[in-house]
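Summary of the model geometry
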Amino acid sequence: MKILIAADMEGISGVVHWNHVDINHFEYQRFRRIMTGDVNAAVRGAFDGGADEVVVTDGHHYGRNILIEELDIRARLNSGTPSPLEMVCGVDEGVNGVMFVGYHARIGAQNAVLDHTWSDERVANLWLGGHLVGESGLNGAVCGHFNVPVIMLSGDQTVCAEARELLGDLETAVVKQAHGRMAADCLPVAVAQEKIQAAAARAAGRLRAGQAPAPFKLPTPITITVDFIQSEMADRAMILPGATRGPDRRVTYTAPDMVSAYSAFRTLLALAR
């Protein structure tokens with residue numbers, strides 16, 4: 001049983017401000033160590049639940065946050081960017097289940113720490129096959145393309161509820177109760193990591209027993225719609241062949257499958273910068 005742990009940073013234990021996840025701020029070094037600890041907790045839990053192999057993908061910013069020298073020696077690390085499947089790099093390599101660690105809610109969600117969808121400077125909203133989604137839904141759909149379920153997620157209470165509504169009855173670890181975008185009641189790190197380990201163990205055990213949620217598979221073709229922050233961003237994104245302009249700042253693209261839709265989304269954002 002092979003598990004992929006896909007890690008982001010805004011939902012990591014104790015994170016409540018952009019300074020905590022900004023590589024140029026002095027507080028970042030503290031929180032990349034905590035991120036590594038949260039990931040290690042999930043690694044321990046995955047093995048507790050019966051995993052035979054664990055791979056970790058570092059999905060925040062440039063993918064160079066997790067301290068490999070402090071990573072559980074039983075895990076391997078996908079680091080760096082860009083890569084074809086980016087935040088879920090490796091999901092196409094015989095993975096049986098995926099755990100999202102340190103995730104955050106979609107842009108515009110209430111009581112959600114650092115809510116955004118890929119880029120809070122460019123994306124006002126994202127629809128995928130008619131579903132309003134954040135990164136958990138977007139990456140979960142890529143996992144579903146390869147028939148792999150998302151079995152566990154950690155973050156604040158809002159992203160945990162968001163993921164369960166869209167992805168099914170996965171295990172969750174609520175490590176902080178958000179009171180706003182930059183305020184939360186945070187558990188002590190050791191306590192939060194115990195919750196992550198326990199949730200990961202339950203998720204891996206359910207996967208081994210054949211009781212994991214179903215993969216999040218969308219019917220094809222797949223239409224992806226990005227509502228950009230500024231109209232000029234939509235103007236730039238329209239350079240992509242096949243893109244169509246919707247109302248206001250929305251740009252739509254229809255792809256034959258989810259991997260193509262994922263690539264199109266990343267391309268639209270790159271053009272819009």
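As shown above, the structure is provided for reference.
Reading guide: rules and limits
Residues numbered from 1 in each chain as written. Predicted model: local features only at pLDDT ≥ 70, side-chain atom pairs only at ≥ 80, totals over all residues. Heavy atoms only, no water. Core = buried A, V, L, I, M, F, W, Y, C linked by side-chain atoms within 4.5 Å. Buried < 20%, exposed > 50% of the residue type's maximum accessible area, 1.4 Å probe, protein only. Contact = heavy atoms within 4.5 Å. Salt bridge = Lys/Arg side-chain N within 4 Å of Asp/Glu carboxyl O. Helix = DSSP H or I, 4+ residues; strand = E, 2+ residues; numbered from the N terminus. Pairing = 2+ DSSP bridges. Axes fitted to C-alpha atoms, helices over the stretch in contact; angles between N-to-C directions.

Time to look at the nonpolar core. Core analysis: the biggest nonpolar cluster contains 52 residues, and Val88, Val98, Phe100, Leu128, Phe228, Met258 and Leu268 have the highest contact counts within it. Among residues more than four places away in sequence, those in contact with leucine 128 are Val133, Gly137, Leu138, Ala141, Leu218, Ile222, Thr223, Ile224 and Met258. The next biggest cluster of nonpolar side chains, apart from the first, holds 40 residues, and it includes Val39, Val43, Ala75 and Met152.

Taken as a whole and judged by the stated rule, the model has 16 salt bridges. A salt bridge links aspartate 115 to arginine 181, with the nearest nitrogen and oxygen atoms 3.0 Å apart. In this pair, aspartate 115 sits in the loop between β4 (97-103) and β5 (123-128) while arginine 181 sits in the loop between β8 (171-180) and β9 (183-186), placing the two residues 66 residues apart along the sequence. The class of arginine 181 is partly exposed, set by a relative accessible area of 31%. Ionic pairing is found between arginine 202 and glutamate 171, a salt bridge with its closest N-O pair at 2.8 Å. Here arginine 202 is found in helix α4 (residues 189-208), whereas its partner glutamate 171 is found in strand β8, with 31 residues between them in sequence. Looking at arginine 202, the relative accessible area reads 40%, which means it is partly exposed.

Take the sheet that holds strand β6 (residues 131-132) next. Spatial strand order, β6-β5-β10-β12-β11: five strands in an open sheet with antiparallel pairing. The open sheet terminates on both sides in strands that have one partner only, identified here as β6 and β11 (244-245). Looking at chain direction, β5 and strand β10 (residues 222-228) are connected through five bridges and run antiparallel. Each residue of the ladder has a partner; that of valine 123, found in β10, is phenylalanine 228. Each of β5, β10 and β12 (250-255) touches helix α6 (residues 258-272); the most contacted strand, β10, lies at about 20 degrees to it.

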